[in-house]
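As a plain string of letters, each chain reads:
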Amino acid sequence: MESEYSWNHFFKDYWFLLKGRRLLFVYYTVVRSISTLLSFVAAYFLGKIIDFFTNYSIGQSLTPFVVSAVVIGVLGFLEVWLRFYSKIHMQNIAAEIRKEARISAMNKIMTMDLKWHESEDTGSKIQKIYQGGESLYQGIRVFSNDGLGIIVNLFGAIIIFLFCSNILYLFLIL
């Protein structure tokens, strides 16, 4: 009979593996989330530019446009820098976890009795240890590259749509 491996158990296992690095991992997760949210702020300032030119008349000061353009540029730089900063550090943590998992598994293999070692080829055991460590690394890598961005963008879009006007809802439906 095959046992169920729940999402709750999955997250508890990763949390256990992060021991000693949990605070750093949460910090870099927050930084990565902020970098994703900056694109929403940049979109807001782009809307301010559109509003400005919609109501623009000749002779009017271009200061609001220039300020908005500079803010968009700074936000774009910060978004990219924060994203790479957090992803690199999250993946370094993942590499440390991969290394520790492999070492721990090898230590456990060395403590097993000889009868157990006869049940399976040593190369097969080593391959499973290698693949398990790599899977741990890939899990955090996918989370830092794509998973976190998808989650933050989903919630950010929902929050933005909560503040939209009814006319926009009608336009979206049509």
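Look up a bit, the structure's there.
Residues numbered from 1 in each chain as written. Predicted model: local features only at pLDDT ≥ 70, side-chain atom pairs only at ≥ 80, totals over all residues. Heavy atoms only, no water.

### Quick word on the pattern of salt bridges
So, step 1. Inspection of the entire model under this criterion finds four salt bridges.
So, step 2. A salt bridge links Arg21 to Glu96; its shortest N-O distance comes to 3.5 Å. Here Glu96 lies in helix 3 (residues 63-111) and Arg21 lies in the loop between helix 1 (7-17) and helix 2 (22-54), a separation of 75 residues in the sequence.
So, step 3. Residue classification places Arg21 among the buried positions, given a relative accessible area of 10%.
So, step 4. We note a salt bridge from Arg98 to Glu134, for which the minimum N-O separation is 3.0 Å. A residue pair is termed long-range when its members are at least 10 positions apart, and Arg98 in helix 3 and Glu134 in helix 5 (residues 122-162) qualify at 36 residues.
So, step 5. Glu134 gets classed as partly exposed once you look at its relative accessible area, which sits at 21%.
So, step 6. Each of Arg21, Glu96 and Glu100 takes part in one network of salt bridges that share partners. (Salt bridge = Lys/Arg side-chain N within 4 Å of Asp/Glu carboxyl O. Helix = DSSP H or I, 4+ residues; strand = E, 2+ residues; numbered from the N terminus. Buried < 20%, exposed > 50% of the residue type's maximum accessible area, 1.4 Å probe, protein only.)

### Some thoughts on a nonpolar patch on the surface
So, step 1. Residues Phe53, Leu62, Val66, Val70, Val74, Phe77, Leu78 and Trp81 make up a contiguous nonpolar surface patch of about 740 Å² in total accessible area.
So, step 2. The dominant element in the nonpolar patch, judged by the number of residues it contributes, is helix 3, at six residues.
So, step 3. Tracing the sequence through the fold places Trp81 in helix 3.
So, step 4. A residue is classified by how much of its surface remains accessible, and Trp81, at 46% relative accessible area, is partly exposed. (Patch = residues over 30% accessible without salt bridge, like charges linked within 9 Å, V, L, I, M, F, W, Y side chains within 5 Å. Areas by Shrake-Rupley, 256 points an atom, 1.4 Å probe, with all protein chains shown as cover.)

### Regarding the packing of aromatic side chains
So, step 1. Under the criterion given, the structure shown has eleven aromatic pairs.
So, step 2. Note on Phe25 and Phe143: the rings are 5.9 Å apart at their centroids and 25 degrees apart in plane angle, and the pair reads as stacked. Highlighted residues: Phe25 in helix 2 and Phe143 in helix 5, separated in sequence by 118 residues.
So, step 3. Overall, Phe143 belongs to the partly exposed group, its relative accessible area being 26%.
So, step 4. Ring pairs connect the aromatic residues Tyr27, Tyr28, Trp81 and Tyr85, which therefore count as one cluster.
So, step 5. Positioned above the aromatic ring of Phe84, the side-chain terminus of Arg83 is 5.3 Å from the ring centre.
So, step 6. Sitting above the plane of the Tyr137 ring, Arg98 keeps its charged end 4.2 Å from the centroid. (Phe/Tyr/Trp six-rings, centres within 6.5 Å; stacked < 30°, edge-to-face > 60°. Lys NZ or Arg CZ within 6 Å of the ring centre and 35° of its normal.)

### Regarding the side chain of Ser144
So, step 1. Structurally, the position occupied by Ser144 is in helix 5.
So, step 2. At 3.4 Å, the side chain of Ser144 forms a polar contact with the side chain of Gln91.
So, step 3. Those residues in contact with Ser144 that sit more than four places away from it in its chain are Arg32, Lys87, Met90 and Gln91. (Polar contact = N/O pair within 3.5 Å; in protein donor to acceptor, adjacent residues only side chain to side chain. Contact = heavy atoms within 4.5 Å.)

Shape is all these values report; function is a separate question.
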